[in-house]
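Survey of secondary and tertiary structure
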Amino acid sequence: KEKKFFDIVQYSGNGVSTGRAISHSLGSVPGMMMVKRTDDSTSGAWWIYHRSLPDGKGLQLQTDDGQQSDGNNYWGTGSSFVHPTASQFTVGSYPNVNGATYIAYLFAHDEASFGADSDKSLIHCAKYTGNGSTTGTVVNLGFEPQLLLVKCTTDHGTNWEICDSMRGVGADTDDTFLCPNNLTAPNSFNGVDFTATGFQLR
């Protein structure tokens, strides 16, 4: 938890369906947000905001669905979508059930505030277009990542995928990855290479 990198907010729902503003301490506009209800095991949705999604769209971490068209009910007033600001985010009716408890995880985007000269970025929330080749898309982040979370937003039936340097991501080797929407054990495939400036899909 660090300004311009990552913040965690807990709030209680109040049942307002026309949009509710909630303060945060990220110190910048979130690039991605995840909200999870914690007091009811049967209400299992993870509501996802990402800066690259079109207005009115949202994602859910627990499914393999692509972008969903009811994002106004995730992050807005039901009739309109509300982008987060550097001090607050707006939840719609879905992650705001009266009396329910929620945890929100907020991720910054490309804030050059770190390093000895306070000019380095440590986190990036963006999109890329795949090319269908084994010499896949090269994504430039400006730094070598330690963790990568990827989701195809334009197609249903594709898993979320997480890979990280602790479990190993190497050039031309099988990499272990997790699928948050899938309860099976970790999978492995030669899917991505981390580079000094970002990553390349395989």
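The following paragraphs examine the structure supplied in this document. In this text, all values refer to a predicted model and were calculated from it rather than measured experimentally. (Residues numbered from 1 in each chain as written. Predicted model: local features only at pLDDT ≥ 70, side-chain atom pairs only at ≥ 80, totals over all residues. Heavy atoms only, no water.)

It is worth spelling out the packing of aromatic side chains at this point. Taken as a whole and judged by the stated rule, the model has 12 aromatic pairs. Seen in terms of ring centroids, Phe-6 and Tyr-105 are 6.2 Å apart; in terms of plane orientation they differ by 10 degrees. Their pairing is stacked. A residue pair is termed long-range when its members are at least 10 positions apart, and Phe-6 in strand β1 (residues 6–12) and Tyr-105 in strand β7 (residues 101–107) qualify at 99 residues. Judged by its relative accessible area of 17%, Phe-6 falls in the buried class. Ring centres of Trp-46 and Tyr-105 lie 6.2 Å apart, and the angle between their planes is 25 degrees; on these two criteria the pair is classed as stacked. A residue pair is termed long-range when its members are at least 10 positions apart, and Trp-46 in strand β4 (residues 46–50) and Tyr-105 in strand β7 qualify at 59 residues. What makes Trp-46 partly exposed here is its relative accessible area of 23%. For Tyr-105, a relative accessible area of 27% translates into the label partly exposed. (Phe/Tyr/Trp six-rings, centres within 6.5 Å; stacked < 30°, edge-to-face > 60°. Helix = DSSP H or I, 4+ residues; strand = E, 2+ residues; numbered from the N terminus. Buried < 20%, exposed > 50% of the residue type's maximum accessible area, 1.4 Å probe, protein only.)

Relative to the helices and strands, Gln-68 is located in the loop between β5 (59–60) and β6 (88–91). Accessibility expressed as a relative area gives 15% for Gln-68, which makes it buried. Discounting chain neighbours no more than four positions away, the residues touching Gln-68 are Gly-56, Lys-57, Gly-58, Gln-60, Thr-63 and Tyr-74. (Contact = heavy atoms within 4.5 Å.)

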